[in-house]
Every structure is written in structure tokens, then in C-alpha cells.
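For reference, the chains in residue letters:
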Amino acid sequence: MLRDEVLALLKQREGPLSGETMSKRLGVSRAAVWKAVEALRQEGYVISSAPNRGYRLETSPDLLSAGELSGTLAGRLIGRALICLPTVDSTNSEVKRQALAGREEGLAVLADGQTGGRGCRGRQFESPAGKGLYCSVLLRPSCALDQLPQLTAWTAVAACDAVEEVCGVRPGIKWTNDLVLQGRKLCGILTELGLEGESASLQYAAVGIGINVSQQAADFGPVAAPVAVSLAQVLGKAPRRTDLAAALLAALDDMYRDFPARRDSWYERYRRDCLTLGRQVRVFRGNDSFTGVAEDLAGDFSLIVRRADGSREIVNAGDVSVRGLFGYTE
């Protein structure tokens, strides 16, 4: 889209950039460049212009677009292809559709809002337009099938890295897939896999991340408000979603370069961030439940829970739910 290409050129340039230079670089007319600049101005971009000097980007609104992000992700696999949508049922669903259509790994889908955002076990994930960062990436890792569930844990550490880089605060992780600040949920992660029926070989992994950015209590609704939090509530001011998106995609790219070979390093980082360890938890397995202490992590990031009688259970995120007894994380 020409608008995104013009924006990317303006963002890469510290000084003015002439319309003639952009028209030659993009293979379009100067009139087409002018129309793209006017379209950007209508969206809230402040672009100055001067005769014989060209255009200069002065300020940008907080809009998620390929033009905003592509320049910051040069040379990376994750984010080399971007789809930015005003609304979608869910970014994970769109990634799965793109995967089945043959898109290459590294594709990132971002949306301003979701109409059908979801978390683990089909739970609804509130995704109000303009309030959060809703992002999914398409991966096709070369690894053993039993290593694939670890992607969620690795992604949680990468998301913590991105929040810390942009906001200066580091969330903790509630095992296995939620980021937590001030005892409340900041971010959820959902990994969905597509397997070939006969061979059980991996077709794709869709890794989705939803981060609460500027929500206030009313945006969460009465059920979620007591256990959810946004970066704006914690910091007093919302960070730019574009900055957070760029940091997140870069952190995911760093993570994916290491997966699965550098498991030990990411295991230790996850273990340090995990708020569940050492706490009393209730484990739900079907219609049964038991309480215990989350003692440690197994090598595959499963949770080791010590029962009251001293016996230990290996809890896998795929078949049980672990909940705090006295609040969200405790």
C-alpha cells in the first residue's frame, strides 16, 4: 500500500525527503506521493513541507500500520510481513487462515480491536478497539513435537522483555501463559497448532499475545475489572502501542532465533519471572481438584506441585488449570 511505503520512507529519514526522491524510489508519480502524504495527514500525521526541500515527518499518532513498524524490523524474520487491521475476529484466527493459504513464517497480524478475542480453553479475551495490543505471529519451528508446547513459556519471557524495554517495569508470569503486574492480569498468550492429519507433522504455530495498554476499569467490565490491569493504570500514562508492538516483535524474533536450542537459558529466565512458584495453588483436572504448593518447574516447563501428603504431581498446561486461592496470583 503506497501510504505505508511513503510513511516508512519518512520515518527512516531524519531530515526532509523530496517528493521526487520518493516517486523514483517507489516507482510512482509525484502526484501519487502527494496524495499519500495528504492521506497520512488526514489520519493525524503532522508532515511539514517546504519548496525545494521536501516532506518531513514531525509527529505521529498512535496507529498500528505496516508503515509505522516495517522500518524498525528490517532484517528480522518476525514482522518481515505485516497485516494491520482495524478489526478482526481474532488475530490468531487470521494467522491460521493466512497459514492455510500458504503464507511464510514470520508473518505478524495486528489489529486495533478484536470481536472474538479468546484465551485458553475458549475463554473470552476482552479486546476493545484502540485500547490494547493484539498481535499474533505465524511460526513453523523445526523441532520435536513434544517441544512445541514450550513456545508459550518462551513467548511469555519475550513479552516481559518488550514491556520492560518500553515501560521500565517488568511483569511477572503466572504459570503458564499470563503476564501479571501488581497482582492483576496484564497480558494473555494463546498458542494454537495446526498438524497434518496422517503424519502428525506441524503445519503451523499461531502464537497470539494480547496486552492491556490504555484500558480503565470500565473497559474490562465488572467480571474482569478486579483481576485485570492495564499499563496506563500502572504507569499513570499509556505507552504508544506502536512502540510496544515494535519491541514485542523484535523480542519474539530474538526468542525464535534461540528456539529450541537455547532451552536452558530461557528456562532459567522463565523460572525467575514465574510468580506461581512457592505459592499455594488449586489444581483442576476435569471434575476433580486438589491443593498444593507449586514447588518448581520440570524441564519441559510443566509445574511440579507438592500435595499436602508430600507426594508430587507434574501438572501440564494442556490438561489442567491452576488457579490461585486468594486472588489472581496468590
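Residues numbered from 1 in each chain as written. Predicted model: local features only at pLDDT ≥ 70, side-chain atom pairs only at ≥ 80, totals over all residues. Heavy atoms only, no water.

Chemist: I would appreciate a short explanation of the nonpolar core in the present structure.
Modeler: Soluble globular proteins: nonpolar side chains tend toward being buried together. Residues Leu110, Leu133, Val137, Ile211, Leu248, Tyr270 and Leu303 are the most contacted members of the largest nonpolar core, which totals 62 residues. It is helix 6 (residues 150-167) that contributes the most residues to this core, 11 residues altogether. The contacts of leucine 303, once residues within four sequence positions are left out, are Trp175, Thr276, Leu277, Ala294, Asp296, Leu297, Glu313, Ile314, Val315 and Val322. (Core = buried A, V, L, I, M, F, W, Y, C linked by side-chain atoms within 4.5 Å. Buried < 20%, exposed > 50% of the residue type's maximum accessible area, 1.4 Å probe, protein only. Helix = DSSP H or I, 4+ residues; strand = E, 2+ residues; numbered from the N terminus. Contact = heavy atoms within 4.5 Å.)

Chemist: What is the right way to read the sheet that holds strand 8 (residues 184-195) from this model?
Modeler: Strands belonging to one sheet form pairs held by backbone hydrogen bonds; the direction of such a pair is parallel or antiparallel. Read across the open sheet, the 7 strands follow the order 3-4-5-9-8-7-6; overall the sheet is mixed. Because the sheet does not close on itself, it has two edges, and the strands there are strand 3 (82-85) and strand 6 (172-174). For this sheet, the mean inter-axis angle between neighbouring strands, taken without regard to orientation, is 20°. Two strands pair when backbone bridges link them, and strand 7 (residues 178-181) and strand 8 are joined in this way by 4 bridges, in the antiparallel orientation. For aspartate 178, the partnering residue across the bridge sits in strand 8 and is glycine 188. Packed onto the sheet, helix 6 meets strand 5 (132-139), strand 6, strand 7, strand 8 and strand 9 (202-212) and runs at close to 140° relative to strand 8. Where helix 9 (residues 241-258) meets the sheet, it contacts strand 3, strand 4 (108-111), strand 5 and strand 9, and its direction lies at approximately 25° from that of strand 5. (Pairing = 2+ DSSP bridges. Axes fitted to C-alpha atoms, helices over the stretch in contact; angles between N-to-C directions.)

Chemist: How should unusual backbone geometry be read in this particular structure?
Modeler: What you tend to see is this: most non-glycine residues have negative phi, and most peptide bonds are trans. Cis geometry is found at the peptide bond from tryptophan 175 to threonine 176, where omega equals 5°. Among the structural elements, threonine 176 can be located in the loop between strand 6 and strand 7. Residue phenylalanine 259 is joined to proline 260 through a cis peptide bond whose omega torsion reads -5°. Here proline 260 shows up in the loop between helix 9 and helix 10 (263-273). Phi at asparagine 52 is positive, roughly 65°, even though this residue is not glycine. Residue asparagine 52 is classed as exposed on the basis of its relative accessible area of 86%.

Chemist: What should I look at first to understand the packing of helix 1 (residues 2-12) against helix 3 (residues 30-42) in this one?
Modeler: Between two packed helices, the angle of one axis relative to the other and the distance separating the axes together describe the packing. Where helix 1 contacts helix 3, the two axes come as close as 9 Å, and the packing angle between them is 85°. Classified by the angle between their axes, helix 1 and helix 3 sit roughly perpendicular to one another. Of the residues in helix 3, those in contact with Leu2, Arg3, Val6 and Leu7 of helix 1 are Ala32, Ala36, Val37 and Leu40. (Parallel < 35°, antiparallel > 145°, perpendicular 65-115°, else oblique.)

Chemist: Hey, could you run me through the UniProt feature "DNA-binding region" (unreviewed entry) in the protein in this one?
Modeler: When the UniProt feature table is mapped onto this chain, "DNA-binding region" (unreviewed entry) is found at residues 19-38. Note that residues 19-38 is 85% helix and 0% strand, and that its end C-alpha atoms are spaced 12 Å apart. (UniProt positions renumbered as here; feature names shortened; annotations may be inferred.)

Chemist: Help me understand the environment of glutamine 216 in this model?
Modeler: With respect to the helices, strands and loops of the structure, glutamine 216 is situated in the loop between strand 9 and helix 7 (217-224). A C-alpha to C-alpha distance of 36 Å links glutamine 216 and aspartate 258, two positions 42 residues apart in sequence. When residues no more than four places from it in sequence are discounted, the contact partners of glutamine 216 are Ala232 and Gln233.

Chemist: What am I meant to see in the packing of aromatic side chains here?
Modeler: Two numbers describe a pair of aromatic rings. These are the distance of the centres and the angle of the planes. According to the stated counting rule, one finds 4 aromatic pairs in the structure shown. Each ring, one from tyrosine 267 and one from phenylalanine 301, has its centre 5.6 Å from the other, and the planes form 65°; the classification is edge-to-face. Taken together, the residues tyrosine 267 in helix 10 and phenylalanine 301 in the loop between strand 11 (288-297) and strand 12 (303-307) connect sequence positions 34 residues apart. Per residue, the accessibility class of tyrosine 267 equals that of phenylalanine 301, and both read buried. A ring pair is formed by tyrosine 270 and phenylalanine 301, whose centres lie 5.5 Å apart and whose planes are at 90°; its orientation type is edge-to-face. Residue tyrosine 270 is found in helix 10, and its partner phenylalanine 301 is found in the loop between strand 11 and strand 12; the two are separated by 31 residues along the sequence. Of the two residues, tyrosine 270 and phenylalanine 301, neither departs from the other in class, the shared state being buried. Aromatic ring contacts, followed pair by pair, group Trp154, Phe259 and Trp266 into a single cluster. A cation over a ring is seen here: arginine 263 above tyrosine 267, with NZ or CZ 5.0 Å from the ring centre. (Phe/Tyr/Trp six-rings, centres within 6.5 Å; stacked < 30°, edge-to-face > 60°. Lys NZ or Arg CZ within 6 Å of the ring centre and 35° of its normal.)

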